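# Architecture and fold: a report
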Amino acid sequence: MAALKNYFRVSKCSVFAVISAVLSLLNAVNGELIFSHLPQHVNLNKNSGEIKISEVPGVLSLLMGFTPNKDIEWNGLLDSDPFKRPAASVTFTVTAAADAIKPHSKAASFNTNVDIPFISVDQMINHIQRTFIGETPLIVDLTADRMLSDLKNVYPVVFEDLPTSFDEMLVRLHRSASILETSLNRTRKPDNLLLVELQTITELLNSLKSHAKLTNDRTPDVFNFEIKSLDRIESEYGVDSLQVKDAKKLLNKFFETVTEQFSELYNGNVVVSVITLLTADAALVRKSRSLMAAADPTQAPKKPNLNLAADYGYDFPVMFNIILWMMVVLGVTVFGISVCMWHMDPGRDSIIYRMTNTRMKKD
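Residues numbered from 1 in each chain as written. Predicted model: local features only at pLDDT ≥ 70, side-chain atom pairs only at ≥ 80, totals over all residues. Heavy atoms only, no water.

## Some words on the overall build of the protein chain
The helix and strand tally for the protein chain stands at 10 helices and seven strands. For the protein chain, with 363 residues in total, the buried portion stands at 39%. Taking as baseline every contact in the protein chain between residues at least 6 positions apart, the subset at least 24 positions apart corresponds to 80%. (Helix = DSSP H or I, 4+ residues; strand = E, 2+ residues; numbered from the N terminus. Buried < 20%, exposed > 50% of the residue type's maximum accessible area, 1.4 Å probe, protein only. Contact = heavy atoms within 4.5 Å.)

In structure tokens form, the structure reads like this:
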């Protein structure tokens, strides 16, 4: 009996250990949504609960005055002025530990439930493009497979002097106006990646300042940046290393500076948000290409044969029903006309045959 009691005692301890490990993993998948700047006419409930990452794009769309594609359960949105719309939305996504980024000045912050491992602003971009047809809103989305070369093709005049390669951006780092005031080692690739990502955003802002007319039009603008090199620095040096602490200080200072610059660029009428995503499970993190990645012109890109279905837009069901029932109505109409013509009496039901018969009698 004593052995049996010891067995159950050990089993209970094992169960509690497993439950504690699972709970710690569940708590680890929490990040943070920080609004470093909000316009005065945008109101949020700072005491609301956590928000799902999957609902963040819808919340950003609502803040910009657009209706999201699905209902939002989060209750942090308050009534705002319906006649005022933010001129721009700026989003920074940092892949690292949940407490990595803590800007000193922030308008509001909320805990997040990382139910999906990435942020997409495609919903907001689609709303803007459908609403302002024929106009040129400024859309800068440097995440996933979108590169600086694509941005220069869309806005060749604005970003004419913007470097598009990793080596070219490294040269910019040696200038006095660069963000290279840090103790990170420029000879190590993880350190260089972080510095290049921050320098890229700085160069974008410098280009926009010289073309302020593009930011003062009636169309809202969207900026979406992804900073994923902090995760590589943590993997290279360790989470508690001096390099990681220095990188976090650099990011906090950088977000303070960038927030002020975007606020000045749009006269305070801009929403700036910083989102931290956990890296607990690397298999769940979306693989993305670096901002400085350059395509090889001598080699054609290989398209994997994944047998994937084609993407459909939100309006596909509407177009499908319109085309389907139009074909049904046309088919029934043609069938009815054909039946009537088949049973038609040429001598009584057709004026064409009557006129023809009259002419034959006269002849």
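## Details of the sheet that holds strand S3 (residues 88-95)
What the seven strands build is an open sheet, ordered S2-S4-S1-S7-S3-S6-S5; its pairing is mixed. Edge positions in the open sheet fall to strand S2 (51-52) and strand S5 (139-142), since each of these has one partner strand only. By the bridge criterion, four bridges tie S5 to strand S6 (residues 221-227) in an arrangement that is parallel. Considered in S6, the bridge of Leu 142 is made with Phe 225. Sheet strands in contact with helix H6 (residues 189-209) are S3, S5 and S6, and its direction is about 165 degrees off that of S6. (Pairing = 2+ DSSP bridges. Axes fitted to C-alpha atoms, helices over the stretch in contact; angles between N-to-C directions.)

## What to know about the pairing of strand S4 (residues 108-113)
Consecutive side chains of a regular strand alternate in pointing toward one face of the sheet and then the other. Residues Ala 108, Phe 110 and Thr 112 point to one face of S4 and are all buried, whereas Ser 109, Asn 111 and Asn 113, pointing to the other face, are not buried. Where strand S1 (residues 30-37) lies against S4, six bridges are found, and the strand directions are antiparallel. When the sheet's bridge partners are listed, Gly 31 is paired in S4 with Thr 112. Pairing analysis gives two bridges linking S2 to S4, with the strands arranged parallel. When the sheet's bridge partners are listed, Ile 51 is paired in S4 with Thr 112.

## A look at a nonpolar patch on the surface
On the surface, a nonpolar cluster with roughly 710 Å² of combined accessible area is contributed by Val 318, Met 319, Ile 322, Ile 323, Met 326, Met 327 and Leu 330. One can find Met 319 in helix H9 (residues 316-342). (Patch = residues over 30% accessible without salt bridge, like charges linked within 9 Å, V, L, I, M, F, W, Y side chains within 5 Å. Areas by Shrake-Rupley, 256 points an atom, 1.4 Å probe, with all protein chains shown as cover. Salt bridge = Lys/Arg side-chain N within 4 Å of Asp/Glu carboxyl O.)

## Describing helix H7 (residues 229-237)
By the burial criterion, the buried members of H7 are Ser 229, Leu 230, Ile 233 and Glu 234. For H7, the angular spread of buried residues about the axis comes to 150 degrees, placing them on one side. Two residues or fewer past H7, Gly 238 is found with a positive phi of approximately 105 degrees. (Arc of directions from axis to C-beta.)

## Observations regarding the pattern of salt bridges
Evaluated as defined, the whole model comprises three salt bridges. A salt bridge links Arg 218 to Glu 135; its shortest N-O distance comes to 2.4 Å. Linking Arg 218 in the loop between H6 and S6 with Glu 135 in the loop between helix H3 (122-131) and S5, this pair joins segments that are 83 residues apart in sequence. Judged by its relative accessible area of 32%, Glu 135 falls in the partly exposed class. The partner of Glu 236 in a salt bridge is Arg 188, and the shortest N-O contact between them spans 2.3 Å. Remark: Arg 188 occurs in the loop between helix H5 (166-173) and H6 and Glu 236 occurs in helix H7; sequence separation between them is 48 residues. Look at Glu 236 and you get partly exposed, because its relative accessible area is 40%. What makes Arg 188 partly exposed here is its relative accessible area of 31%.

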